[in-house]
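Chain residues, written in single-letter form:
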Amino acid sequence: MMTDSAGNTLHEKGWYPDPSGAPGLRWWDGAQWTEHQHDPSLEVYGVTPPLVAGSGTRVNNALLWTIVLLPILSLLAMSQFDMTTYLMNTLSTDAPMIDATYTLIQILSFGIYVASILLAFFDRRRLSRLGLARPFHWAWTFLYSGIYVIGRSVIVRRRVGGTLTAVWVWVAIVLLGVIVSATKISTAMNMYIPAVMDTIPS
């Protein structure tokens, strides 16, 4: 049984405090210490720490796939949303402006946004533990989860190989969401406009 310099038992391969007590980290391959060392304090722009993860390393994990598939929840919620009724109520002067269903969809979207950020954070940490040098930063998820999915997948493919399946699945889900939303808006407008025209005196 091996331990690091802090006395922690080592099981999974990854970067750990150097057992010799030297500053920086040393790579544990799951069975023994290697000669690979890394000092985080020396990281500067344009300098890449040693790449330990080899070709074929399994990097497309449940964390990534959860980020990719989470938008399906919004897609399902939108598919059940009565856009026509919402539009009628919103534009009517004698109807309340707050729609409970629409509010729930907004809350769901925010929950998915927060969950994607957390998942990206843990996913990047896992990639670092696998030995992938400077993986795509999780903070890009603050702008949009798709940026992280694409950037992360491209960098991983360049470093250790693999496919872009996660990217294409994410693109398909987003496109389907756009189609569903556009269809619902179009249908609602086609029903709303004639109703408005009927109220205009000829």
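Residues numbered from 1 in each chain as written. Predicted model: local features only at pLDDT ≥ 70, side-chain atom pairs only at ≥ 80, totals over all residues. Heavy atoms only, no water.

A. Spotlight on helix α4 (residues 100-130). With 31 residues, α4 should cover 45 Å at 1.5 Å per step; its first-to-last C-alpha distance of 45 Å lies within 8% of that length. For α4, the full list of buried residues reads Ile105, Ile112, Ser116, Ile117, Leu119, Ala120, Asp123, Leu127 and Leu130. Downstream of α4 by one or two residues, glycine 131 has phi in the positive range, about 100°. (Helix = DSSP H or I, 4+ residues; strand = E, 2+ residues; numbered from the N terminus. Expected span 1.5 Å × (residues − 1). Buried < 20%, exposed > 50% of the residue type's maximum accessible area, 1.4 Å probe, protein only.)

B. How the structure looks around a nonpolar patch on the surface. A cluster of nonpolar side chains, Phe110, Tyr113, Val114, Leu118, Phe121, Phe122 and Phe142, forms an exposed patch at the surface whose accessible area comes to about 630 Å². Positionally, phenylalanine 142 belongs in the loop between α4 and α5 (145-160). In this structure phenylalanine 142 comes out as partly exposed when scored by relative accessible area, which is 43%. (Patch = residues over 30% accessible without salt bridge, like charges linked within 9 Å, V, L, I, M, F, W, Y side chains within 5 Å. Areas by Shrake-Rupley, 256 points an atom, 1.4 Å probe, with all protein chains shown as cover. Salt bridge = Lys/Arg side-chain N within 4 Å of Asp/Glu carboxyl O.)

C. The arrangement of the environment of serine 109 in detail. By secondary structure assignment, the location of serine 109 is in helix α4. Placed 35 residues apart in sequence, serine 109 and serine 74 show a C-alpha to C-alpha distance of 6.5 Å.

D. Spotlight on the packing of helix α1 (residues 62-69) against α4. In contact at an axis separation of 9 Å, α1 and α4 are set at 155° when each is read in the N-to-C sense. The orientation of α1 with respect to α4, classified from their angle, is roughly antiparallel. Both α1 and α4 take part in a crossing whose hand is left-handed. Along its contact with α1, which presents Leu63, Leu64, Thr66 and Ile67, the element α4 presents Ser116, Leu119, Ala120, Phe122 and Asp123. (Axes fitted to C-alpha atoms, helices over the stretch in contact; angles between N-to-C directions. Parallel < 35°, antiparallel > 145°, perpendicular 65-115°, else oblique. Left-handed = near helix turned anticlockwise from the far one by under 90°. Contact = heavy atoms within 4.5 Å.)

E. Representation of the confidence of the model for the protein chain. The predicted model of the protein chain averages 80 in pLDDT, with 76% of residues at 70 or higher. Within the protein chain, α1 carries the highest mean pLDDT (96), whereas strand β3 (residues 33-38) carries the lowest (73). (pLDDT = per-residue confidence, 0-100.)

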